[in-house]
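# Close look at the chain arrangement
Each chain, written out:
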Amino acid sequence: METKQIMLVCAAGMSTSLMVSKMEKATKDQGLDAHIFAVPVPEAKEYLQNNAVDVLLLGPQVRYLKNEFSADLSARGIPVEVIPMTDYGMMKGDKVLALAVSLMG
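Report on the accompanying structure. What you see is a predicted model; the values in this text were computed from it and never measured. (Residues numbered from 1 in each chain as written. Predicted model: local features only at pLDDT ≥ 70, side-chain atom pairs only at ≥ 80, totals over all residues. Heavy atoms only, no water.)

Our focus in this paragraph is the packing of aromatic side chains. With the rule as written, the count across this model stands at one aromatic pair. Between Phe37 and Tyr47, the aromatic rings sit 5.2 Å apart at their centres with planes inclined by 55 degrees, giving tilted as the arrangement. Within this pair, whereas Phe37 is found in strand E2 (residues 34–40), its partner Tyr47 is found in helix H2 (residues 41–50), the two being separated by 10 residues in sequence. Judged by relative accessible area, which is 12%, Phe37 ranks as buried. Classification of Tyr47 by relative accessible area gives partly exposed; the value is 26%. In this structure, Lys45 is placed above the aromatic ring of Phe69, and the distance from its NZ or CZ to the ring centre is 5.9 Å. (Phe/Tyr/Trp six-rings, centres within 6.5 Å; stacked < 30°, edge-to-face > 60°. Helix = DSSP H or I, 4+ residues; strand = E, 2+ residues; numbered from the N terminus. Buried < 20%, exposed > 50% of the residue type's maximum accessible area, 1.4 Å probe, protein only. Lys NZ or Arg CZ within 6 Å of the ring centre and 35° of its normal.)

Glancing now at the pattern of salt bridges. A side chain of one charge can pair with a side chain of the opposite charge if their charged atoms are brought near each other. Enumeration according to the criterion identifies three salt bridges in this entry. With a shortest N-O distance of 2.9 Å, Lys25 and Asp29 are connected by a salt bridge. Taken as a pair, Lys25 and Asp29 lie in helix H1 (residues 14–30) at a separation of four residues, close to a single helical turn. For Asp29, a relative accessible area of 56% translates into the label exposed. Linking Lys45 and Glu68 is a salt bridge whose minimum nitrogen-to-oxygen distance equals 2.5 Å. In this pair, Lys45 is assigned in helix H2 and Glu68 in helix H3 (residues 66–73), connecting sequence segments 23 residues apart. Look at Glu68 and you get partly exposed, because its relative accessible area is 36%. (Salt bridge = Lys/Arg side-chain N within 4 Å of Asp/Glu carboxyl O.)

Shown next as structure tokens:
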């Protein structure tokens, strides 16, 4: 099974990097193989021009960008979703990981 690429997009990266840590712990607990990383919006667009990801999750603070990212990535078959505010606020890495896994099919 190949390593899944899970990209989180945020405004600045502080709280989202903590979410990455929580999600990485959940992958270890569940025995999943995933590379989870967070980038701010401007870097995300540049990264996506040259790299493939399996799913893109938006932090609640940048939810307004969902349609823009979805339009760019739908042709490539990359699902885009906003992390639920409650899961993000409570840093529920296992719940956010479950969301990512469900989107990847």
